[in-house]
Amino acid sequence: MSYERSAWKIYISSLVGKAGLALLIIMVIISIYVLATYPLDYGIRVWSNPKAWADNPITVPPAWADVFTGRDLVTHYITYTNKPVRTVDIAGLKFKVYELKYTLSEDGFPTSLMVKFFNVTLNSPSGAYFIINFTRPDGDEITLYSFNVVPPAGSELPYIAFAGNAKIIFLSKEQSVGIGLMGYINNHYHLNLTLDEVNEIGYNRLLFGEPLVSSKSIEWVPLKGDYSVKIYMAGDPKDSVGLIKVVFGGESYGWMGTDDNARDLAQGLLFGFPVALAIGFFTSVVTTAIGASLGIISGYKGGRIDEIIQRISDIVYNFPFLPVIILIVFIISRNPNFPRILAIIGAIIALGWPGLTILIRSMVLSIRESQFVEAARAIGASDLRIMFKHIFPNLAPFIFAQMIFFTPSAILTEAALSFLGLGDPNIPTWGQIIEESFYAGAVLNGWWWWVLPPGFLIMVAAITFVFIALGLEPIVNPKLQER
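Residues numbered from 1 in each chain as written. Predicted model: local features only at pLDDT ≥ 70, side-chain atom pairs only at ≥ 80, totals over all residues. Heavy atoms only, no water.

Caption draft 1: Summary view of helix α12 (residues 354-367). Look at α12: 20 Å from first C-alpha to last across 14 residues, which is about the 20 Å you get at 1.5 Å a residue. Inspection of α12 places P354, L356, T357, I360, V364 and I367 among the buried residues, and these make up the whole buried set. End-on, the buried residues of α12 take up no more than an arc of 140°, which puts them together on one face. Packing partners of the buried residues in α12 comprise α8 (265-301), α9 (303-317), α11 (340-352), α13 (371-378) and α14 (383-419). (Helix = DSSP H or I, 4+ residues; strand = E, 2+ residues; numbered from the N terminus. Expected span 1.5 Å × (residues − 1). Buried < 20%, exposed > 50% of the residue type's maximum accessible area, 1.4 Å probe, protein only. Arc of directions from axis to C-beta. Contact = heavy atoms within 4.5 Å.)

Caption draft 2: Quick look at the environment of N133. Mapped onto the elements, N133 comes out in strand β5 (residues 128-135). When the C-alpha positions of N133 and E99 are compared, they lie 9.5 Å apart, and in sequence the two are 34 residues distant.

Caption draft 3: Structural context of the nonpolar core. Membership of the largest hydrophobic core comes to 54 residues, with the highest contact counts inside it found for Y42, I325, V329, W430, W450, F465 and I468. Broken down by element, the residue count for this core peaks at 11 residues, all from helix α17 (residues 448-476). Once residues within four sequence positions are removed from consideration, F465 is found in contact with L24, L277, F281, I404, T407, P408 and I411. (Core = buried A, V, L, I, M, F, W, Y, C linked by side-chain atoms within 4.5 Å.)

Caption draft 4: Structural detail: the pattern of salt bridges. Scanning the model with the defined rule gives 13 salt bridges in all. In this structure, E141 and K230 form a salt bridge, with 3.5 Å as the shortest nitrogen-oxygen distance. Of this pair, E141 sits in strand β6 (residues 141-149) while K230 is found in strand β11 (residues 225-234), placing the two residues 89 residues apart along the sequence. A relative accessible area of 35% means that E141 is categorised as partly exposed. Here the salt bridges share partners, and the residues they tie into one network are D55, K116 and K245. (Salt bridge = Lys/Arg side-chain N within 4 Å of Asp/Glu carboxyl O.)

Below is the structure:
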């Protein structure tokens, strides 16, 4: 049986080794998915772009958080269309009808109702007329809002309105909506609410609820069922709308909730997988390569070369690791044109290699006196060939194990620097997410979904490589193998 097959058999027989390998495979699969579906400049184009998250709620928990709340949280819902479902005649005018549906099944009220219009194409100087109606589960249709869109005087037709910035209508805040709701509620439920009372109750409760009237008070409860927002558009037959979006605000969002910038934390956490693996693997490979190479050269060559390498190693090794890295990253980060993530990687590599150099050198001192090394010298093998053809293979298992150990250290160092505010703001990492959560007071406000998931992923990433390294110990250390 070859050495490789024997080593693999020993590794796979270890429970922690198999667990580490399984976790690593999962991390790699997630990283490949992210790299295949996310743009490479995701951090700048999406994560740091407020417009990308304009439709999301702010600091709401994930959709599954209702397990801990005791009631179903209203899920944030966004729907859109650009195609009319039919055409109707109203007072001699032909209206295109766009319909967007929504189902309320939770024990709560949506927090907001917003309609957005994009790229309205107008083919007539008179423009287009829009009516927004709201249909409740009981079949009642309420007119909430209306407006005109007219091309600027002298503009060339067809004219595209709301091309750069969408027209946004907050139906849950518009004063005219409150007046319409007051009339509907008073007529439908035989109440006598004033406009001040309507504002105090809140438009959302009136839109998505019904009153329970008692002798002492009126309590509003959610009216579950199917709702729809209907947009009626009258104008030139060729007029069209590029996109109509309706946002039903919710108390929960997605798999991991949102932060105080309304960013989808699930996306940031997923993007952190390839970043963590890239930082861990790259720094560990380069650090190990430098440390092992210098250690082999130092131990084999001896003399002045050994003395120079060892003194440099001793000096760098005795630097306080984290404070020096903080200083290096802080100095380099003052240059806005230099990517801060590269400064972090470079600092970790610059300070991480001496320990391995010292260890490898002590091992090479005994190996260089071995008979196979003497035989290689006797047949005229060069020093370079002896070092990397005969000495290195004997150290390879140990070096590989050390490389695995370096990986979680690099991931944790990056997380620590990001937590201290020295991370790259244009690249979402787990440490960066935790730093932003503490800065926003997530712990004090109870926004646990913003703090716990990135911390958990950092822990899992570190444990993954620790498990792999523990699985390699019987291969590196024959005494453990015998046990």
